[in-house]
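What the coordinates show
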Amino acid sequence: MTDTAATGDAPRTKFEFSRLLGLTLVGVLLAMFLFLAWKTSTFATPGNLSNLARQGAIFAILALGQTFVIITAGIDLSVGAVASFITVVVAMLIQSVAPDVTAWLVGAGLPESIANGVALWIMILASLLLGAGIGAFHAFGVVKMGLPPFIITLATFTALRGVGLLMTNGSTVNVTNDVFTGFSRGEFLGIPNLFMVVIVVAVPAFVYLHLSRWGRYLYAVGSNPEAARLSGVNVNAVTATAYILSSVCAAIVGVMLASRTGTGNATQAIGFELEAIAASVIGGTSLFGAIGSVWGPLLGAFILATIRNGANLMNVNSFWQFIITGVLIIAIVYADGLRRRRR
Amino acid sequence: MSAAAEAPSARRDSFAGPILELRGLEKRYVGTHALKPADLAFEAGEIHAIVGENGAGKSTLIKLLTGVTPRTAGEIVWKGVPTDLSTPNEAIALGINAVHQEVVLCPHLTVAANIFLGDERTARGLLKDRAMVREAQRILDDLGFNLPAGAVLSTLTIGQQQLIATARAATRGTQFLIFDEPTAYLTRQEAAQLFALIRRLKAQGVTIVYISHRMEEIFELADRVSVLRDGMLVGTRVVAETTDAELIALMINRSIEQIYHKETFAHGAPVLETRHLSGRGFEDVSLTVREGEIVGLYGLIGAGRSEFVMGVYGRERVTAGEVLWRGQPVTIRRERDAIDLGMALAPESRRDQGLCLNLGVGLNLNLPVFDRLTRGVTISASEERKAADKQIRDLRIKTASRNALALSLSGGNQQKIVIGKWLNHGAKLFIFDEPTVGVDVGTKAEIYRLFGALLAKGAGILLISSYLPEVYELADRLHVFRGGRQVASHGFKAASHEQILTEAIGV
């Protein structure tokens, strides 16, 4: 799955398969769209489609970050916890710090609306920076302390919820800033803002993973860290980058969630990490490392979102969506295994 | 256990001839002849040593005798009856067992559990733990090992674990027991205990095959000794009637193969110098590599040669001493520092250290130089293709395309990737660690020709090999390592094979 037309160096067999799998995933998505449009009158409506785009966006970004870590043959169980922790952080920052910053900026001569916007951006960037810090902590645990990725991220998974609950005393922080909460409902050129975030994240991610040498190093580290090291790759730095990117993606999702729900709450996003891993795996990422792409997890996330959306529209017992997801994971990974054995 | 108790009677054999006989036994792999047709008879109750250099075919012979790999041709005759011996279970059923250099037991289980693994004592489906510990303790006491049967295996030293592995093999009705360099990690006292056990087994009628590099052990223990060289059985001697000089002479390939054609170049300025360099696994190593010069490091496996070059290359920490690069003292903290100076390393194990097997040939070839292929933020796709294709062409790597996975290539072609990824990038020092292990003769010759091309460009080469003819014929200067120390240094062909091997083994 390393390949696209732009990366000339990925294996040919993989190239053909990844195209095939990519097309299959696109086909699955299209088939679901056509089926739902045919079966329901509610699916192919602008309102529902943009709703679907918003739902899918959340998981797409989580799965994308997760994919970087999985390519290094690691795993990041903390992404759901990081996202929910960041909803708390960004909500508290916007409620308690942003007004002061806005007032100061207005005092410095800026118009009220611009001051508010600048203050919001500062709060968001601070939250993302905190996300990067959490990722750096994971990297420290994996690279310096030699902890298994499963363990260090499992620790954060439980601990961060505790921190979030302590900060809020178990309650919910309501965000009263309309500009912030309005973002998730807004559109740009007819495309929901939350979906635009996916594009804004995916383009640099594509450049990083498929076009830059750092992407090549990521695959090499996932395939054989010792060979990569002896070839001059800074294995520790490459590994650390993956964990930091994953946590930053989770932090972005935290900000998106806070905007969408208008709340900061440490009990949100429970189980999102497994959803993200599932989306990544459906998108062709190998849990053994060294195989994965940018668009795979994106497609995987929107397939999962469509299943959920369609199940709701068709009044299928919502529990079925869990079962369908499970069946899909087995089918895709089994097909992937078949391909490997045949080679 | 029961087999041990009744062993003497059970192993007394009515059959009078050799217990195991090889008739024209032969093993070929694609491109290599690992064991040329061999005839050898093992007498019941003898200790038969097998010696030979690395790659001489000893491990192939063990694999054939234990049913791990199928033979290409020939017969294996067990007590007068030709036998298939095509699976490990068949070998175990006959009573053929092996004790390997590395312990293959379960480190988290107790000594007793390991001894009875796969043959547990049970009552109504439940394990009789205490009975097994008691019985194991009796076996250990019987063998004279002062070891606790209830202890977890990993709390024992490697040497003690080796003794447990031997005890395990000895208690299963074994009639034919193969030891593969069993004393490599043992202390003197542990080795003495092992020898006592081996003699006891011999007294019980067990046939022992003992593979070792250490001459003194062979003279202490063995009745007869067979010598392998380049996959050929070159002779069998009665130990009492031979000398170590004769054995060493047999082990060495006297016929100089045509594949070594050494080109000599004028030696230029020193590229690399080490002064009293020490680190983990090596001590006080001082040597110089000049432009146009091949410096060989010879020694047995584990003599500290790889550890030394890993220290120079920044992979392992250096604790004392100095490294000079083109006359200037340098500090190399990590691999990148070494590469940026102009060093290139083709490591010992291409699977573990050399290749990203499930990635493309092109990615593997370009891995050290992606920084040079980068334009701004992204890699130039055309330059990436060009660089990979050039290496594939220059080295004649046989691959479907630059996108084929490295694991789809043959061993020799994989080795060409490990070496090839460093060429054409202006490195001044090439470190080759066992560059020709497991490659066929044709590729070997190509690799040696490549050495000449590198020297002609003014590079220096540090060549590690456990195969004496290789370093002997190619190296302008040869350093002999033993036990992490540089024990001798010779000019081009300034010492005899016998002398060098003697220095490496430490007779």
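This one's a predicted model, so the numbers in the text were calculated from it and none came from an experiment.

Another point: the overall build of chain B. Assigned secondary structure in chain B consists of 20 helices and 24 strands. A compact globule built from 507 residues should have a C-alpha radius of gyration of about 23 Å, and chain B, at 25 Å, falls within 12% of that. With respect to the three principal axes, the spread of C-alpha positions in chain B is 75 × 55 × 45 Å. By residue count, 53% of the 507 residues in chain B fall in the buried class. Of the contacts made within chain B by residues no fewer than 6 positions apart, 67% connect residues no fewer than 24 positions apart. With the model as given, the accessible surface of chain B reaches about 21,200 Å², and the carbon-plus-sulfur share is 50%. Taking the average location of the 59 positive side-chain charges in chain B and that of its 58 negative ones, the two points are 4 Å from each other.

All right, on to the environment of I208(B) then. Residue and element names in this part refer to chain B. Tracing the sequence through the fold places I208 in strand β10 (residues 207-211). Look at I208 and you get buried, because its relative accessible area is 0%. Residues I208 and F176, 32 residues apart in the sequence, show an inter-C-alpha distance of 5.9 Å. Every residue in contact with I208, bar those within four places of it in the chain, is listed here: E46, I47, H48, L177, F179, I198 and L201.

Here we take up the packing of helix α8 (residues 213-223) of chain A against helix α10 (residues 235-261) of chain A. Residues and elements named next belong to chain A. The geometry of α8 relative to α10 is characterised by a closest axis approach of 10 Å and an angle of 100 degrees between their N-to-C directions. Considering the angle they form, α8 stands roughly perpendicular to α10. Across from W214, Y217, L218 and V221 in α8, the residues of α10 making contact are V235, V238, T239 and A242.

We now examine the interface of chain A and chain B. How big an interface is tends to be reported as the loss of accessible area on association of its parts. Counting residues at the interface gives 30 residues for chain A and 40 residues for chain B. Summed over the shared surface of chain A and chain B, the result is 2 salt bridges. Here E384(B) makes a salt bridge to R216(A), at a shortest N to O gap of 2.9 Å. On inspection of chain A and its partner chain B, the count reaches 10 residue pairs in polar contact (both at pLDDT 80 or more). Where the side of chain A that touches chain B is concerned, the elements lending two or more residues are α1 (12-39), α7 (193-211), α8 and α9 (225-230) of chain A. For the side of chain A that touches chain B, the element with the highest residue contribution is α8(A), accounting for 6 residues. In terms of residue class, the side of chain A that touches chain B is built from 13 nonpolar, 9 polar and 8 charged.

This next bit is on the layout of surface pockets. Empty space within the second largest pocket amounts to approximately 720 Å³. Together, 25 residues line the second largest pocket, and G314(B), E316(B), I332(B), R333(B) and R334(B) are the ones closest to its centre. At the level of secondary structure, the elements contributing two or more residues to the lining of the second largest pocket comprise α10 of chain A together with α11 (305-312), β16 (318-325) and α12 (335-341) of chain B. Element by element, the count of residues in the lining of the second largest pocket is highest for β16(B), at 4 residues. Taken together, the residues that form the lining of the second largest pocket break down as 8 nonpolar, 7 polar and 10 charged.

Below, the discussion takes up the packing of aromatic side chains. One pass over the structure, following the stated rule, counts 16 aromatic pairs over all chains. Summarising the aromatic geometry, the rings of Y217(A) and F370(B) are spaced 6.2 Å apart at their centres and angled 65 degrees between planes, so their arrangement reads as edge-to-face. Placement of Y217(A) in helix α8 and of F370(B) in helix α15 (residues 370-373) is noted, with the two residues assigned to different chains. In this structure, Y217(A) and F370(B) share a single accessibility class: buried. Here the aromatic residues F430(B), F432(B), Y448(B) and F451(B) are joined through ring pairs into a cluster of three or more. The ring of W38(A) has K39(A) lying over it, and the distance from NZ or CZ to the ring centre is 4.9 Å.

Our next topic: the nonpolar core. F308(B), M343(B), F430(B) and L462(B) are the most contacted members of the largest nonpolar core, which has 122 residues in total. Other than its neighbours up to four places away in sequence, L462(B) contacts L272(B), L287(B), V289(B), V295(B), L297(B), F308(B), V309(B), L429(B), F430(B), I431(B) and F432(B). Counting residues in each nonpolar core, the second largest holds 96 residues, with I71(A), V201(A), V255(A) and A301(A) among its members.

In this section: helix α6 (residues 129-142) of chain B. Residue and element names in this part refer to chain B. Between its terminal C-alpha atoms α6 stretches 20 Å, which fits the 20 Å expected from 14 residues at 1.5 Å a residue. Taken together, the buried positions of α6 are occupied by M132, E135, A136, I139 and L140. Down the axis of α6, the buried set is contained in an arc of 140 degrees. They therefore lie on one face. What points out from α6, more than 90 degrees from its buried face, is the exposed set R130, R134 and D142. Directly beyond the C-terminal end of α6, a positive phi value near 80 degrees is found at G144.

Here we come to the domain arrangement of chain B. Partitioning chain B into structural domains gives domain 1 (2-101 + 173-251), domain 2 (270-342 + 426-505) and domain 3 (358-425). Taking only C-alpha atoms into account, the centre of domain 1 of chain B sits 43 Å from that of domain 3 of chain B.

Residue and element names in this part refer to chain A. Looking at chain A, the pLDDT average stands at 88 and 91% of residues meet or exceed 70. Ranking the elements of chain A by mean pLDDT puts α1 last with 74 and α10 first with 96. The low-confidence segment residues 1-15, where pLDDT is below 50, has 63 contacts with residues more than four positions distant or belonging to other chains.

Residue and element names in this part refer to chain A. Remark: helix α2 (residues 46-71) packs on helix α12 (residues 295-313), axes separated minimally by 7 Å, with the N-to-C direction vectors making an angle of 140 degrees. Relative to α12, the crossing made by α2 is right-handed. For the pair formed by α2 and α12, the contact residues are N48, N51, L52, A53, Q55, G56, A57, F59, A60, A63, L64 and T67 on the first element and P297, L298, A301, F302, A305, T306, R308, N309 and L313 on the second.

Rules behind the numbers
Residues numbered from 1 in each chain as written. Chains lettered and ligands numbered in written order. Predicted model: local features only at pLDDT ≥ 70, side-chain atom pairs only at ≥ 80, totals over all residues. Heavy atoms only, no water. Helix = DSSP H or I, 4+ residues; strand = E, 2+ residues; numbered from the N terminus. Rg over C-alpha atoms; globule rule 2.2 N^0.38 Å. Buried < 20%, exposed > 50% of the residue type's maximum accessible area, 1.4 Å probe, protein only. Contact = heavy atoms within 4.5 Å. Areas by Shrake-Rupley, 256 points an atom, 1.4 Å probe, with all protein chains shown as cover. Lys, Arg positive; Asp, Glu negative; His and termini not counted. Charge placed at Lys NZ, Arg CZ, Asp CG, Glu CD. Axes fitted to C-alpha atoms, helices over the stretch in contact; angles between N-to-C directions. Parallel < 35°, antiparallel > 145°, perpendicular 65-115°, else oblique. Salt bridge = Lys/Arg side-chain N within 4 Å of Asp/Glu carboxyl O. Polar contact = N/O pair within 3.5 Å; in protein donor to acceptor, adjacent residues only side chain to side chain. Nonpolar A, V, L, I, M, F, W, Y, C, P; charged D, E, K, R; others polar. 1 Å grid on protein atoms, 1.4 Å probe; cavity = no way out; pocket = protein on both sides within 12 Å on 5 of 7 lines; lining within 4 Å. Points joined across faces, edges and corners; volume = space filled by probe spheres on them. Phe/Tyr/Trp six-rings, centres within 6.5 Å; stacked < 30°, edge-to-face > 60°. Lys NZ or Arg CZ within 6 Å of the ring centre and 35° of its normal. Core = buried A, V, L, I, M, F, W, Y, C linked by side-chain atoms within 4.5 Å. Expected span 1.5 Å × (residues − 1). Arc of directions from axis to C-beta. Domains from an automatic or database assignment. pLDDT = per-residue confidence, 0-100. Left-handed = near helix turned anticlockwise from the far one by under 90°.

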